[in-house]
Amino acid sequence: MIETNISEPVFQFLGGIFHQDIDTPESALGEYLAEIPKKEQENDVVALKTFINSDYSDEEKNDFIEESADGVDINSYGLSPILWLRQVIQKIEKNIEAL
């Protein structure tokens, strides 16, 4: 079980952005990037990286990501959930640089 102090911000991000009612993951991320203030995006990146770099197994991390981002069929991207999340982080970081 992943500790709440590590998992809660990640769950809030993934569940809040990539929930079942989104049109597409890309449009959901686009809305996030357009609407969420820079400081909050920076905080989200820190939380996501802390999760990715934690000592939990890749299997635990992948399961957690899939369960939290239930509006995304991650397998359709041909990536593991961890790699998919790393791409999301990169897109946020690129957006932060442009703000």
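Quick caveat: nothing in here was measured; it's all calculated off a predicted structure.

1. What about the environment of Q90?
With respect to the helices and strands, the residue Q90 is situated in helix α5 (residues 81–98). When the C-alpha positions of Q90 and V45 are compared, they lie 8.9 Å apart, and in sequence the two are 45 residues distant.

2. Comments concerning the nonpolar core
Counting residues in each nonpolar core, the largest one holds 29 residues, and the members touching the most others are F13, L14, F18, F51, W84, L85 and I92. Contributing elements (two or more residues each) for this core: α1 (4–17), α2 (25–35), α3 (38–52), α4 (58–68) and α5. Top contributing element to this core by residue count: α5, with 7 residues. Excluding residues within four positions of it along the chain, L14 makes contact with H19, I65, S68, A69, W84 and L85.

3. Considerations on α3
Because each turn of an α-helix spans 3.6 residues, side chains separated by three or four positions in sequence point in the same direction. A rise of 1.5 Å per residue sets the reference length of α3, with its 15 residues, at 21 Å; its end C-alpha atoms lie 21 Å apart and thus fit the reference within 8%. Where α3 is concerned, the buried positions are Q41, D44, V45, A47, L48, F51 and I52. Down the axis, α3 shows its buried residues gathered within 170 degrees of arc, on one side only. Exposed residues pointing more than 90 degrees away from the buried face of α3 are listed as K39 and V46.

4. Points about the pattern of salt bridges
For the coordinates displayed, the defined rule picks out 1 salt bridge. Between E93 and K49 there is a salt bridge; the shortest N-O distance is 2.5 Å. Linking E93 in helix α5 with K49 in helix α3, this pair joins segments that are 44 residues apart in sequence. A relative accessible area of 36% means that K49 is categorised as partly exposed.

5. Some words on the UniProt feature "domain: CdiI immunity protein" (unreviewed entry) in the chain
UniProt records the feature "domain: CdiI immunity protein" (unreviewed entry) at residues 12–91, using the numbering of this structure. For residues 12–91, the end-to-end C-alpha separation is 18 Å, with 68% helix and 0% strand making up the annotated structure.

6. Digging into a negative patch on the surface
Among the surface-exposed residues, E59, E60, D63, E66, E67 and D73 lie close enough to one another that they form a single negatively charged patch. Given a relative accessible area of 35%, E66 falls into the partly exposed group.

How each quantity is defined
- Residues numbered from 1 in each chain as written.
- Predicted model: local features only at pLDDT ≥ 70, side-chain atom pairs only at ≥ 80, totals over all residues.
- Heavy atoms only, no water.
- Helix = DSSP H or I, 4+ residues; strand = E, 2+ residues; numbered from the N terminus.
- Core = buried A, V, L, I, M, F, W, Y, C linked by side-chain atoms within 4.5 Å.
- Buried < 20%, exposed > 50% of the residue type's maximum accessible area, 1.4 Å probe, protein only.
- Contact = heavy atoms within 4.5 Å.
- Expected span 1.5 Å × (residues − 1).
- Arc of directions from axis to C-beta.
- Salt bridge = Lys/Arg side-chain N within 4 Å of Asp/Glu carboxyl O.
- UniProt positions renumbered as here; feature names shortened; annotations may be inferred.
- Patch = residues over 30% accessible without salt bridge, like charges linked within 9 Å, V, L, I, M, F, W, Y side chains within 5 Å.
- Areas by Shrake-Rupley, 256 points an atom, 1.4 Å probe, with all protein chains shown as cover.
- Lys, Arg positive; Asp, Glu negative; His and termini not counted.
- Charge placed at Lys NZ, Arg CZ, Asp CG, Glu CD.

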